[in-house]
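Residue-level listing of the chains:
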Amino acid sequence: MNKKTVLIVTPPFTSPAIPSSTGAFAAGCFLREAINTIIYDANLEFFVDHIFSKKVIDFFKSESFYDPEKYLITRNQIDDLLLLYSAAFYPSRIRWSFLSGSVIDESQNPLLISFCHEKLDLMLKQVLPKVVILALDSETQVSGANTIIHYIKRIFPEIQTIVLQNNNHGGNNTPAADHRFSLQNLPLFLKWINTTWKRKNQDTHVEPDFSMFPLKEYLTPELILPLQTCIFKDMFFFWDFVAKLKEKYGAKGFLFENQLSSFEFFLKKKELPGLFFGVHADMEDLDKTYAENEYQNLFSSGTTLIQWKSLEKKEPSKIKKLWDLSKQGVWNHVNLTDHTCSAIKNDWLRFISLNPNIAHSYENLIGNGSDGKSDLTGMDPSLKAYSGVKQLTGEPFWKFLSDPAHLLLYLKFHGKKNLFCLRADRVNETLISLGTSITFHFRKPDELLPGFLDEICAMVEAGGSVDTAYVRYNLERAYLIGYAEENGIIVGNSSLKHPREEFIQRLNTITGLDFNHFVERGYTSVRPEYRALGVGSRLLEGLTKRAGQFKIFSIISEDNTATHKIAKKNKTKKIAVYYSEKVGKKLGIWMPENMIEKDWELKL
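The following paragraphs examine the structure supplied in this document. (Residues numbered from 1 in each chain as written. Predicted model: local features only at pLDDT ≥ 70, side-chain atom pairs only at ≥ 80, totals over all residues. Heavy atoms only, no water.)

As for helix H13 (residues 404–414)
Then comes step 1: The set of residues buried in H13 consists of Ala405, His406, Leu407, Leu408, Leu409, Tyr410 and Leu411.
Then comes step 2: Of the residues flanking the start of H13, the one acting as N-cap is Asp403, its side-chain oxygen 2.8 Å from the backbone nitrogen of Ala405.
Then comes step 3: Positive backbone phi, approximately 90 degrees, marks Gly415, located one or two places after H13. (Buried < 20%, exposed > 50% of the residue type's maximum accessible area, 1.4 Å probe, protein only. Helix = DSSP H or I, 4+ residues; strand = E, 2+ residues; numbered from the N terminus. Polar contact = N/O pair within 3.5 Å; in protein donor to acceptor, adjacent residues only side chain to side chain.)

Focus on the sheet that holds strand E13 (residues 422–425)
Then comes step 1: Taking strand neighbours across the sheet as the criterion, the three strands line up as E12-E13-E14 in an open arrangement whose pairing is antiparallel. Of all strands in the sheet, those bounded by a partner on one side alone are strand E12 (395–396) and strand E14 (430–433).
Then comes step 2: One ladder, built from four bridges, connects E13 with E14; its direction is antiparallel. In the strand pairing of E14, Leu422 is matched with Ser433.
Then comes step 3: Those strands touched by helix H4 (residues 68–87) are E13 and E14, and its axis lies near 140 degrees from that of E14. (Pairing = 2+ DSSP bridges. Contact = heavy atoms within 4.5 Å. Axes fitted to C-alpha atoms, helices over the stretch in contact; angles between N-to-C directions.)

As for the side chain of Ser557
Then comes step 1: In this fold, Ser557 is placed in strand E19 (residues 551–557).
Then comes step 2: Engagement of the side chain of Ser557 in a polar contact is seen with the side chain of Asp559, the distance being 2.3 Å.
Then comes step 3: At 3.4 Å, the side chain of Ser557 and the side chain of Lys585 are in polar contact.

Here we look at the sheet that holds strand E9 (residues 303–309)
Then comes step 1: Pairing is parallel in the open sheet, where six strands are placed in the order E6-E7-E8-E9-E10-E11. The open sheet has two free edges, formed respectively by strand E6 (224–227) and strand E11 (361–363), since each of these has just one partner strand. Taking the axes of each pair of neighbouring strands and ignoring which way they run, one obtains an average angle of 15 degrees across the sheet.
Then comes step 2: Of the pairings in the sheet, the one linking strand E10 (residues 331–335) to E11 comprises three bridges and is parallel in character. Looking at the pairing, Val334 lines up with Tyr362 of E11.

Re the packing of helix H1 (residues 21–31) against helix H7 (residues 186–196)
Then comes step 1: Packing of H1 against H7 brings their axes to within 11 Å, and their N-to-C directions diverge by 45 degrees. By the angle between their axes, H1 is oblique relative to H7. Considering the relative orientation of H1 and H7, their crossing is right-handed. Contacts between H1 and H7 pair Phe25, Cys29 and Phe30 from the former with Leu186, Phe189, Leu190, Trp192 and Ile193 from the latter.
Then comes step 2: In the contact of H1 with H7, the residues fall into eight nonpolar, no polar and no charged. (Parallel < 35°, antiparallel > 145°, perpendicular 65-115°, else oblique. Left-handed = near helix turned anticlockwise from the far one by under 90°. Nonpolar A, V, L, I, M, F, W, Y, C, P; charged D, E, K, R; others polar.)

Let's talk about unusual backbone geometry
Then comes step 1: A cis amide bond links Pro12 with the next residue in sequence, Phe13, at an omega value of 5 degrees.
Then comes step 2: As for its placement among the helices and strands, Phe13 is situated in the loop between strand E1 (2–9) and H1.
Then comes step 3: A positive phi angle, close to 55 degrees, is found at Tyr523, a residue other than glycine.
Then comes step 4: Within the secondary structure, Tyr523 sits in strand E18 (residues 518–526).
Then comes step 5: Despite not being glycine, Lys571 shows a phi value in the positive range, around 60 degrees.
Then comes step 6: Looking at the element boundaries, Lys571 is found in the loop between helix H19 (561–569) and strand E20 (572–580).

Description of the packing of aromatic side chains
Then comes step 1: Under the criterion given, the structure shown has 37 aromatic pairs.
Then comes step 2: On the basis of an interplanar angle of 40 degrees and a centroid distance of 5.6 Å, the ring pair of Phe397 and Tyr410 is categorised as tilted. Of the two residues, Phe397 sits in the loop between E12 and H13 while Tyr410 sits in helix H13, which places them 13 residues apart along the sequence.
Then comes step 3: Given a relative accessible area of 0%, Phe397 falls into the buried group.
Then comes step 4: Tyr410 sits in the buried class, given a relative accessible area of 0%.
Then comes step 5: Three or more aromatic residues joined by ring pairs form one cluster here, namely Phe59, Phe60, Phe65, Tyr66, Tyr71, Phe397, Tyr410 and Phe413.
Then comes step 6: Its end group placed over the ring of Tyr473, Arg477 keeps NZ or CZ at 3.7 Å from the ring centre.
Then comes step 7: Taking the ring centre of Tyr523 as reference, the NZ or CZ of Lys497 above it sits at 3.8 Å. (Phe/Tyr/Trp six-rings, centres within 6.5 Å; stacked < 30°, edge-to-face > 60°. Lys NZ or Arg CZ within 6 Å of the ring centre and 35° of its normal.)

What follows is the structure in structure tokens.
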């Protein structure tokens, strides 16, 4: 045994796209003590040497990685490979997925034991370390760590085993090492080093060291490095360290693996152009950030991806801030697995389903999928928006990205809007970019093709904002119906309808104006996937141009500020406000500005 050697091992299964931040921290600790340290990324070797073909590995390191269709094909190949490999070691099941926690395996399984015999055994015999440190960045590595620890204790009982985790993973599956430490309590780990190697270093500041990792072997075309917030004592150290990583390794992309306590690092950025970041954050921290830096732009500081955790009750202020971030260019990923109560979770899922242009991706642990493993992209059908209309082909492309590092690179290369519009058909291995071939049509009800009125009625009912009892009756008698179509599917619609006589008389009484020669623009509905693509604006514009001898009005709830913004953007103005006993709130009457007479007395 070499008493001066430490072997740092990254156990399977976690991302093969980035090195271990916990392992880099451990390497930094021993580097300053001049203790011989060797890094062994067993996780990377497992994927690269044990499972994936050279063709797959070369793809991830090439520019072809950024071709969504080629990525989809490769992703299918990967899933097939992992399924076949797992079948050979039943009951093991290996997956590489974008969502955290989805690479799953059982403790002490034959797959890992086989790997230990073939790979780890040789490494241990060559190095003969005094200590093996298993660096864990994810709970998905606990099973692999346990198998390696049991193997070492059986074959090399003289070797001490240590587990170093980026946080405390509780439960019955905790690694059974000689000692266990967490980056959340750095002094305890540093004290162990001092005691074991008879050092007297009292400095608790440690700089992670990535130099011993095979950085060119990770499965990305550009290097992405992981970061831990606990190592940064202030923002100056943060930016100095990031600058070193850029200069030394050429890294421009960085993923924070634990939660930021504040966005202050990014709002007071040093001049380091071209860097981009993915971060974890608590929704409450967004409130603090906006309170102090209301007009700051996180996206311009390099924040490209935010993974939101610890969600509480869905409040209008939080939704507004998510919407503001989305408009800046930030991709919002919502995590609903962290002890979110069911009522709050369902409320967020309904919102996500209706507003994928604000909350762009999500993970939701709802139980087991068809393979018996946890399903992290599931949603109860009752919560899905527009479930009663003809469904779009495929699924959002983000679901097929294998890793947060890949999502970060795709966002940097393609941009949020382009990635948001991508859908993938896994079976046919084809892609559709939403919004590229929309056609707009304006028809009288009797001119609609067979089945179109049924689908438009279903679209209006799916929107959920109107009384559905008279939808078909009113549309059959409408003056004009406008709809947007793409790939044979109606993606948005609106109409100019003839209001009921009693409603016209009420408006006349409220406003003192004559609405007898008006049509009402209403029954507007746009599929969630097409929000923010200008569909509603184009329909409004087209209907207004074709109103003929009629003037147009529309009714918008006073609390519907989002629609107010759209209306103003389309040169529509509020002319009156009244209280509706039927809906129990104030409603506004809006008209195109060019149809408002100059001598009208507006009642606001």
